Amino acid sequence: MKSVAMGQYYAAESPIHRLDARTKVVLAILYIVLSFVCTNVLSFALLLVSGIFVILMSCVPIKIVLRALKPIIIIIIITAFINIFMTTGESLLFEWKFIKIYKEGLFNAAFMAVRIIIMIIGASIFLTYTTTPIDLTDAIERLLLPLKKIRVPVHEFAMMMTIALRFIPTLVDETDKIMSAQKARGVDFESGGLIKKAKALIPILIPLFVSSFRRADELATAMESRCYHGGNGRTKMTVTHLRAADLFAFFLMTALGASIVIFNILNIGYTM
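A quick note: this is a predicted structure, and the numbers were derived from the prediction, not measured. Here, residues in each chain are numbered from 1, in the same order as that chain's written sequence. Given that the model is predicted, a residue must reach a pLDDT of at least 70 before its local features are reported, and side-chain atom pairs must reach 80 or more before they are shown or counted; all residues, however, enter totals for whole chains, interfaces and linings. Side-chain figures throughout are based on the complete set of non-hydrogen atoms in the structure, without hydrogens or water.

A. Seen up close, the overall build of the protein. By the criteria applied, helices consist of DSSP H or I runs no shorter than four residues and strands consist of E runs no shorter than two, each listed in order from the N terminus. From N to C terminus, the protein includes 11 helices and 2 strands. Projected onto its principal axes, the C-alpha positions of the protein cover 65 × 60 × 40 Å. Burial here depends on accessible area, computed with a 1.4 Å probe over protein chains only, as a share of the maximum for the residue type. Under 20% is buried, over 50% is exposed, and the range in between is partly exposed. Across the 272 residues that make up the protein, the buried fraction comes to 35%. Carbon together with sulfur atoms contributes 70% to the accessible area of the protein, which is approximately 16,700 Å² in total. Each accessible area is a Shrake-Rupley result for a 1.4 Å probe, and residues are judged covered by the shown protein chains and nothing else.

B. Geometry of the layout of surface pockets. Cavity and pocket criteria rest on a 1 Å grid covering protein atoms alone: a 1.4 Å probe that fits but cannot get out defines a cavity, protein on both sides within 12 Å along at least 5 of 7 lines defines an open pocket, and an atom within 4 Å of a point defines a lining residue. Grid points are joined across faces, edges and corners, and a volume is the space filled by probe spheres set on the points. Quantified by volume, the second largest pocket comes out at close to 470 Å³. In this structure, the second largest pocket is lined by 20 residues; those nearest its centre are Ile16, Phe53, Val54, Ala249 and Leu252. Elements that contribute at least two residues to the lining of the second largest pocket include exactly α1 (15-18), α2 (21-37), α3 (41-58) and α11 (244-266). Each residue gets one label: Ala, Val, Leu, Ile, Met, Phe, Trp, Tyr, Cys and Pro are nonpolar, Asp, Glu, Lys and Arg are charged, and the others, such as Gly, are polar. Here the lining of the second largest pocket is composed, by residue class, of 17 nonpolar, 1 polar and 2 charged.

C. Local environment of a nonpolar patch on the surface. Grouping into patches uses exposed residues only, defined as over 30% relative accessible area, and leaves out salt-bridged ones; the cut-off is 9 Å for like charges and 5 Å for nonpolar side chains (Val, Leu, Ile, Met, Phe, Trp, Tyr). By definition here, a salt bridge exists when the distance from a side-chain nitrogen of Lys or Arg to a carboxyl oxygen of Asp or Glu is within 4 Å. On the surface, a cluster of nonpolar side chains totalling about 800 Å² of accessible area is made up of Ile73, Ile74, Ile77, Ile78, Phe81, Ile82, Phe85 and Met86. The topology assignment puts phenylalanine 85 in helix α5 (residues 73-86).

D. Structural view of the nonpolar core. Counting 38 residues, the largest nonpolar core has Leu47 and Ile125 as the members making the most contacts within it. Residue assignment for this core shows that the elements contributing at least two residues are α2, α3, α4 (62-69), α6 (103-129), α7 (133-143) and α11. At 10 residues, the largest contribution of residues to this core is made by α6. Those residues within four positions of leucine 47 in sequence are excluded, and the remaining contacts are Tyr31, Leu34, Ser35, Cys38, Ile118, Leu256 and Ile260. Remark: nonpolar core denotes a set of buried residues (Ala, Val, Leu, Ile, Met, Phe, Trp, Tyr, Cys) joined through side-chain atoms within 4.5 Å. The contact criterion used throughout is that any non-hydrogen atoms of two residues lie within 4.5 Å.

E. Here's a closer look at the environment of threonine 132. Within the fold, threonine 132 resides in the loop between α6 and α7. Residue class for threonine 132 comes out partly exposed when judged on its relative accessible area of 24%. Identification of polar contacts relies on pairs of N or O atoms within 3.5 Å, with a donor-acceptor requirement for protein atoms, meaning one able to donate a hydrogen and the other able to accept it, and with residues adjacent in sequence counted only if both atoms are side-chain atoms. For threonine 132, the side chain forms a polar contact with the side chain of aspartate 135, separated by 2.9 Å.

Shown next as structure tokens:
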């Protein structure tokens, strides 16, 4: 559990860290959208190379980025197997009874795995790793500000999202402590079948829920004691402005999107 790094901020001095938080939110959304636009090998390769470039520019160690992928390894494997065995095509590679594996299935499995990895890397680098929770709250609130005209509680929505991201590492640490305490009392989480392992999680889930509700109550009390009453009448201590670096980042993302579209039109290599 300690290896889970999702939701943690990594302090560093890098061009990505210095970008405006609103810019990083928009770039993360565009990067995720581009992962769905890719349809062939070249476009996926270009997007993957750009992801590696962003990681290097952010000064976040590769091993920390890979830790964010650990919780979704099972999802990636299941998605890959579904695409391998459920996709049909013209090039049959293996057949045994009712099991058939096509070349198209292998390519689709690889594409889906890369797509999930790219989405996680994009969201992690542009948001949680390089943006503090406070900056992320302000960015989401400012981007959703037009919805306030139709009485959408923008500030409260942004606050809830940021609190949820902030408490992911806290809940992970709490889970690790509970598991260690239960192991010291003789609870076995590894042996047995699936049903036995599921029953062994009950001594973890109940204390975790109790701890989560207690932390939520303490947070609500702390916010009330500081006279927090939402976004009405609140002013910003720091007013952010878009700079040349933000505009250049938008230009690079636009160039990346245009290149991917061109590769899709050229239709070079295997296409989904």
